[in-house]
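Architecture and fold: a report
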Amino acid sequence: MDYQKFLDTINQEMNYRDVTGKVASYIPELAKVDPRKFGMHLHCGEQQNYSFGDSEENFSIQSISKVFALAMAMEIMGEDLWDRVHVEPSGDPFNSLTQLEYENGIPRNPFINAGALVISDILVDQLDDPKQELLDLVRKLTDDDSIDFDKEVYKSERSTGYRNIAMVNYMKALGNIKCDVEPIVDFYFHLCSLAMSCKNLSHAFMIFANRGKILATDEEILTPLQTKRINALMQTCGFYDEAGEFSFEVGLPGKSGVGGGIVAIHPSKYSVAVWSPILNKKGNSELGMKALERLTSLTGLSVF
Ligand code: GLN
């Protein structure tokens, strides 16, 4: 499969001027990004990397990091995790509070903000240094020790994240949060502030395309069952109230973030990351979704 040819086609066809959305601004620091940025990286083996554009530039991965946090919590909690967070698509925006009220403080899934906040509670409760363990995991998956939190993004979200803080308080009132609110939101805002490139992300997500093992070293990070569960959740819940549309158009499990990144995997084949900061109304990268739709159309391959 000549992936570079397909990526070059996508790069030629796509232009940020053709999209109509806006860069995220509710986290002030994110509004500073250049909306013209566009990059893509497809990884399917040590010597098999294909890319274009701004694929090696770090950006704020935001909610994409919820997949790493979920993997850590699954390791700790096993199947008991699903009593604290469910596995159904929400059909609601990622930061919605309403569903929590009539579902008694149990979030629909680990990828909406409420779900990731429960996951953060578990990690803060169970680990001595959850921020360091998160960095250790991501650095191991990418073999890149330079990956770190973006302190400016962290501070920006920390000082404006009232909805997320409200959600933790609300779930604590309903009995689904153990720790104090402050360390939970501190971890959550750090989690969202991870800075990575398309190249890093596609390398890290290769474990989900490789039955839980790091491709280069064969080290097992997740069991095949854990990998199946995470991929199923990415397929059904990875794009909030646009998960159906992403499955329909692209046909791969994936995860987006409001920094404009999307990662998707084709099990046993490849992991691909794309970045374009202009978001559609559902908070997903507009050009990124189009680029991935072209990839699965040009290759004629999706999971369906
Ligand atoms: N940090 C963002 C928030 O909590 C993450 C949202 C996202 O990427 N969808 O609102």
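Here's a quick rundown of the structure. Model, not experiment: these values are computed from the prediction. (Residues numbered from 1 in each chain as written. Predicted model: local features only at pLDDT ≥ 70, side-chain atom pairs only at ≥ 80, totals over all residues. Heavy atoms only, no water.)

Remarks on the packing of aromatic side chains
For the coordinates displayed, the defined rule picks out ten aromatic pairs. For the ring pair Phe38 and Phe52, a centre distance of 5.1 Å and an interplane angle of 65 degrees mean the geometry is edge-to-face. Of this pair, Phe38 sits in the loop between strand S1 (22–23) and strand S2 (39–45) while Phe52 sits in strand S3 (residues 48–53), placing them 14 residues apart in sequence. Arranged with centres 5.7 Å apart and planes meeting at 65 degrees, the rings of Tyr188 and Phe189 form a pair that is edge-to-face. Residue Phe189 is classed as buried on the basis of its relative accessible area, which comes to 0%. (Phe/Tyr/Trp six-rings, centres within 6.5 Å; stacked < 30°, edge-to-face > 60°. Helix = DSSP H or I, 4+ residues; strand = E, 2+ residues; numbered from the N terminus. Buried < 20%, exposed > 50% of the residue type's maximum accessible area, 1.4 Å probe, protein only.)

Comments concerning the site of the ligand
The environment of the ligand is made up of 13 residues, and the closest members are Tyr26, Gln62, Ser63, Glu157 and Tyr188. One nitrogen or oxygen atom from the side chain of Asn113 is found 3.0 Å from an oxygen atom belonging to the ligand. Contact distances for the ligand include 3.0 Å between a nitrogen atom and a side-chain N or O atom of Tyr240. In isolation the ligand offers 300 Å² of accessible surface; the protein chains occlude 99% of this area. Each residue belonging to the shell around the ligand can be placed in one class, and the counts come to seven nonpolar, five polar and one charged. (Near = heavy atom within 4 Å. Polar contact = N/O pair within 3.5 Å; in protein donor to acceptor, adjacent residues only side chain to side chain. Areas by Shrake-Rupley, 256 points an atom, 1.4 Å probe, with all protein chains shown as cover. Nonpolar A, V, L, I, M, F, W, Y, C, P; charged D, E, K, R; others polar.)

Points about the sheet that holds S3
Taken in spatial order, the five strands make up an open sheet running S3-S2-S9-S8-S7, and their pairing is antiparallel. Of all the strands in the sheet, just S3 and strand S7 (254–256) have a single pairing partner and so form its edges. Along the sheet, successive strands turn relative to each other by an average axial angle of 10 degrees, direction set aside. Here six bridges tie strand S8 (residues 261–266) to strand S9 (residues 270–275), and the two strands are oriented antiparallel to one another. Directly across from His266, in S9, lies its bridge partner Tyr270. Across the face of the sheet, helix H14 (residues 286–299) comes into contact with S2, S8 and S9 while running at roughly 145 degrees to S9. (Pairing = 2+ DSSP bridges. Axes fitted to C-alpha atoms, helices over the stretch in contact; angles between N-to-C directions. Contact = heavy atoms within 4.5 Å.)

The values reported here are purely geometric and, on their own, carry no functional implication.
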